[in-house]
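Breakdown of the fold
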Amino acid sequence: MGIPRPLLWGFVGLLLFMIGDGVEAGYLAPYLEGQGQSSTRVALLFTIYGVAVSISSWLSGPLSDLWGPKKVMWAGLWIWGVFEVLFLLLGLQPNNYQMMMVAYTARGLGYPLFAYGFLVWIAAATPARQLGSAAGWFWFAFSGGLPTLGSLFASFAIPRIGEMGTFWSSLILVMAGGLVALLFTREPRGMQRLSPPDVTLKQAMFGSISIIWREPKTLVAGIVRTINTSSEYAFLVIMPGVFTKLVGFSLEQWLQLLSIVFLSNIIFNLLSGVMADKLGPRTVVAIGGGLGAAISVPLFYYVPLSFTHNFPIAAAMGVLYGASLASFVPLSGLMPQVCPREKAAALSILGLGAGASTWVGPAIVTWFEGWRGVEGVIWIFSGLYVVSALLTLMITVSPEARAQIRKDELNEAQADREAAMHAVGNQ
C-alpha cells in the first residue's frame, strides 16, 4: 500500500496527534469572537501563531539531522502539551488575550517538530521509488487529523461536553497519538543523528538556510508549499462567518462541511502520491494543485452563496477544493530527489513553507479584508495558485536521484524475475 512497514505505528500516532491538534481548527475563531475578541485580534493571534509554526517547521530539519527525528518528535510532543495547558488555564478560560497570545504562540512550536520530524524520518528510511506514496500517506495522516477528523470530532463533542470540554479533549488525543508513535515505532534510522558526527549545530542551521542559494529550486518549492495551504488557514478565519452568517449554516453544519472538505483532501492525498509515482510529481502539482485550486477557491465561495442553506452543493464545492489542495502532496516526495544528499535540509525548506502558510493566510486576511472584503481575499488566493503552477515547472529532479530511481526499478524488476523463476522451479 506504500506505507514503509517499520514506520506503520508512526503514521497511526501522527493521525491521532493531528486529530487532537485539529479539534479547535473550525471553532476557535468563532469562539473567541463570541467572547468579545474582534476579528482583527483573532486574525492577529492566528498570524503570530503561524510565525511560530513557520520557525519550528524550519527547525525540524536541522534538529533531526543533529538529534535524530525521534528526539525532535519527543520535544514537539511535550511543548504542545505544556503550552496547551497554559493556553486553556491562563488564556482561554479567563479570556486573557495577552496570555492567549503568549501560550498559543509557544504551543505553535510543538506540532511542526513532531509532524515534520516524522517526515524527515520517512525520507531517511524510505527508498526513493516509494517516496511519492509514503509522502501521500504522511499527508493522509496529517490532514486526516487537521482539520478533517478533528473538526468532525468537535462537531459531535461540543453539544455533549461543551466548547471548553472539547478544548481539553484535544490534549488527551494529542498525548495519546504522540505516545503511540514514539513508543511503538522502533525503526533505527530515526533514533540516531542523520548528519556526520563532525557537523555542529551552527553548521546544520546554516546548511538548512544556505541550501536556498546553493540549490535555488528548494526556494521555489518552499514558495509553492507556502501558497499550497495558505488559503486553508485563511479560510479557518473568514469562512466560519461566511457560512454561518451568509450561507445560513449552523456551527455544527460548518464543522461537518469542514470535515467533508478535508475528507476529500485525505483521500486525494493518497491518490496524488500514487499518481505522482506514475505521471511525475511536477505534472500533478502544477495541473491538479496550482490550476485546480485557482478554479476551486472561487467556486467554494461563490456557489454556496448562490445556493444558500443547500448543504450538498456546498459539500460538492468543498470536495473540489480539498482535492486541489491534496494535489500539492508530491512536493514532499520531490524535495529529497531535488537534493538527495541533503534530504533533511531540503525538507526543512519545505517545512518552512508549510509553516509560513499558517501565518501568510491569516495575514492576507488581516491586510486585505478591509480593503476589498472576503471577495477580494478569494481572488488574491486564486491568483496565487496560478503563480504556484508556473513556479512548479521550474523544479526538476537531480541527475543523481534519477539514476537512483532507475537503479531501484531495475533491482525490483530483477527481484521479481528471480521470484518468478523460483516459483516455476518449485512447481
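What you see is a predicted model, and the numbers here were worked out from it, not measured in a lab.

So, how was this worked out
Residue positions within a chain follow its written sequence, with the count starting from 1. In keeping with the model being predicted, local features are shown solely for residues with a pLDDT of at least 70 and side-chain atom pairs are shown and tallied solely at 80 or more, while totals for entire chains, interfaces and linings include all residues. Only hydrogens and water are set aside when side-chain values are computed; all heavy atoms of the structure are taken into account. Secondary structure elements follow DSSP: runs of H or I of four or more residues count as helices, runs of E of two or more count as strands, with numbering from the N terminus. It is over C-alpha atoms that the radius of gyration is taken, and the globule rule equals 2.2 Å times the number of residues to the power 0.38. Three labels apply to residues, based on accessible area from a 1.4 Å probe with only protein chains included: buried if under 20% of the type maximum, exposed if over 50%, partly exposed otherwise in between. Throughout, a contact is declared for two residues whenever any of their heavy atoms are within 4.5 Å. Methods summary: accessible areas were calculated by the Shrake-Rupley approach with a probe of 1.4 Å, and residue burial reflects only the protein chains presented. The sign given to each residue is positive for Lys and Arg and negative for Asp and Glu; His and the chain ends receive no count. A single reference atom marks each charge: NZ on Lys, CZ on Arg, CG on Asp, CD on Glu. Expected span of a helix: the number of residues minus one, times 1.5 Å. The angle between axes fitted to the seven-residue stretch ending at a residue and the seven-residue stretch beginning at it gives the bend at that residue. Side-chain atoms within 4.5 Å are what join buried Ala, Val, Leu, Ile, Met, Phe, Trp, Tyr and Cys residues into a set we call a nonpolar core. Salt bridges are counted wherever a side-chain nitrogen of Lys or Arg sits within 4 Å of a carboxyl oxygen of Asp or Glu. Every axis corresponds to a line fitted to the C-alpha atoms, with the helix fit spanning only the stretch in contact, and the corresponding angles, defined between N-to-C directions, vary from 0 to 180 degrees. Here roughly perpendicular refers to angles of 65 to 115 degrees, roughly parallel to angles under 35, roughly antiparallel to angles over 145, and oblique to all remaining angles. What makes a crossing left-handed is the near helix being turned counterclockwise from the far one by less than a right angle; a clockwise turn instead makes it right-handed. Detection works on a 1 Å grid of protein atoms alone, calling trapped sets that fit a 1.4 Å probe cavities and calling open sets with protein on both sides within 12 Å along at least five of seven lines pockets, with lining residues defined by an atom within 4 Å of a point. Grid points are joined across faces, edges and corners, and a volume is the space filled by probe spheres set on the points. When residues are sorted by character, Ala, Val, Leu, Ile, Met, Phe, Trp, Tyr, Cys and Pro go into the nonpolar class, Asp, Glu, Lys and Arg into the charged class, and all the rest, Gly among them, into the polar class. Under this definition, polar contacts are N or O atom pairs within 3.5 Å; protein pairs additionally need one hydrogen-donor-capable and one acceptor-capable atom, and for neighbouring residues in sequence, both atoms have to be side-chain atoms. Candidate patch residues must exceed 30% relative accessible area and have no salt bridge, after which like charges are joined if within 9 Å and Val, Leu, Ile, Met, Phe, Trp or Tyr side chains if within 5 Å.

Focus on the overall build of the protein
Of the regular secondary structure elements, the protein holds 15 helices and zero strands. For the protein, the C-alpha radius of gyration of 21 Å lies close to 22 Å, the compact-globule estimate for 427 residues. Across the 427 residues that make up the protein, the buried fraction comes to 57%. Restricting the contact set of the protein to residue pairs at least 6 apart, pairs at least 24 apart contribute 86%. Looking at the protein as shown, the accessible area adds up to about 17000 Å², and 68% of this sits on carbon and sulfur atoms. Computed over 24 positive and 21 negative side-chain charges, the inter-centroid distance for the protein is 5 Å.

Focus: helix α7 (residues 131-184)
Taking 1.5 Å as the rise per residue, α7 with 54 residues should run 80 Å; its terminal C-alpha atoms sit only 22 Å apart, a clear shortfall. The largest bend in α7 amounts to roughly 120° and is located at isoleucine 161.

With respect to the nonpolar core
Side chains of a nonpolar character, in soluble globular proteins, are inclined to be buried together. One finds Leu92, Tyr111, Phe138, Met239, Phe243 and Leu257 to be the most contacted residues of the largest nonpolar core, which totals 117 residues. Considering each element in turn, this core owes the most residues, 17 residues, to helix α14 (residues 343-392). Not counting the four nearest positions on each side in its chain, methionine 239 is found in contact with Trp254, Phe300, Tyr301 and Ile378. Residues Trp58, Val72, Leu113 and Met205 belong to the second largest nonpolar core, which totals five residues.

Here we look at the pattern of salt bridges
Counted according to the given criterion, the structure contains three salt bridges. Residue aspartate 21 is joined to arginine 107 by a salt bridge in which the shortest nitrogen-to-oxygen separation is 3.6 Å. On the criterion of sequence distance, the pair formed by aspartate 21 in helix α1 (residues 8-22) and arginine 107 in helix α5 (residues 97-107) is long-range, its members being 86 residues apart. As far as burial versus exposure is concerned, aspartate 21 and arginine 107 are alike and both buried. Owing to a relative accessible area of 1%, arginine 107 belongs among the buried residues under this scheme. Overlapping salt bridges bring together Asp21, Glu24, Glu84 and Arg107 as one network.

Some words on the environment of threonine 105
The topology assignment puts threonine 105 in helix α5. Judged by relative accessible area, which is 19%, threonine 105 ranks as buried. When the C-alpha positions of threonine 105 and phenylalanine 87 are compared, they lie 9.3 Å apart, and in sequence the two are 18 residues distant.

Let's talk about unusual backbone geometry
Unlike most non-glycine residues, asparagine 95 shows phi in positive territory, near 60°. In this fold, asparagine 95 is placed in the loop between α4 (69-92) and α5. Judged by relative accessible area, asparagine 95 falls into the partly exposed class, the value being 26%. At histidine 309, a position not held by glycine, the phi torsion is positive, near 65°. Relative to the helices and strands, histidine 309 is located in the loop between α11 (281-306) and α12 (311-326).

Focus on α1
Here α1 contains 15 residues, and its C-alpha end-to-end distance of 21 Å stays within 8% of the 21 Å for a straight helix at 1.5 Å per residue. When α1 is considered as a whole, its buried residues turn out to be Gly10, Phe11, Gly13, Leu14, Phe17, Met18, Ile19, Gly20, Asp21 and Gly22. Looking at the buried positions of α1, the neighbouring elements they touch are α3 (39-67), α4, α5, α6 (110-125) and α7.

Let's talk about the packing of α6 against α7
The interhelical angle for the contact between α6 and α7, taken along N-to-C directions, is 160°, at an axis separation of 8 Å. When the axes of α6 and α7 are compared, the pair comes out roughly antiparallel. Crossing hand, α6 versus α7: right-handed. Two secondary-structure elements touch here, α6 through Tyr111, Phe114, Ala115, Tyr116, Phe118, Leu119, Ile122 and Ala123 and α7 through Leu131, Ala134, Phe138, Trp139, Phe142, Gly177, Gly178, Ala181 and Leu182.

Description of empty space enclosed by the protein
Think of a ball as big as a water molecule: rolled over the atoms, this probe shows where empty space is left. Considering all chains together, one arrives at four cavities of 30 Å³ or more under this definition. Volume-wise, the largest cavity comes out at about 220 Å³. Lining the largest cavity are 23 residues, with Trp139, Arg225, Asn228, Thr229 and Glu232 positioned closest to its centre. When residues of the lining of the largest cavity are traced back to their parent elements, those giving at least two are α6, α7, α9 (216-247), α10 (251-279), α12, α13 (330-338) and α14. In terms of residue count, the dominant contributor to the lining of the largest cavity is α9 (five residues). When grouped by side-chain class, the residues that make up the lining of the largest cavity number 13 nonpolar, eight polar and two charged.

Digging into the side chain of serine 357
Its place among the elements puts serine 357 in helix α14. Within the structure, the side chain of serine 357 is placed 2.6 Å from the backbone oxygen of alanine 354, a separation counted as a polar contact. For serine 357, the residues in contact, after removing those within four places along its chain, are Arg225, Thr226, Thr229, Ser230, Tyr233 and Pro362.

Some details on the environment of isoleucine 79
Tracing the chain through its elements places isoleucine 79 in helix α4. Once the C-alpha coordinates of isoleucine 79 and alanine 106 are considered, the two residues, 27 residues apart in sequence, prove to be 7.8 Å apart. Excluding residues that lie within four positions of it along the chain, isoleucine 79 makes contacts with Ala106, Leu109, Gly110 and Leu113.

Overview of the side chain of arginine 107
A polar contact of 2.7 Å, which involves the side chain of arginine 107, links it to the side chain of glutamate 84. Apart from residues no more than four positions distant in its own chain, arginine 107 is found in contact with Asp21, Glu24, Tyr49, Trp80, Phe83 and Glu84.

Let's talk about a nonpolar patch on the surface
On the surface, a nonpolar cluster with roughly 520 Å² of combined accessible area is contributed by Leu8, Trp9, Val12, Leu179, Leu183 and Phe184. Of all the secondary-structure elements, those providing two or more residues to the nonpolar patch are α1 and α7. Tracing the backbone through its elements, the reader meets valine 12 in helix α1. Its relative accessible area of 32% is what places valine 12 among the partly exposed residues.

Don't take any of this as a statement about function, it's just geometry.
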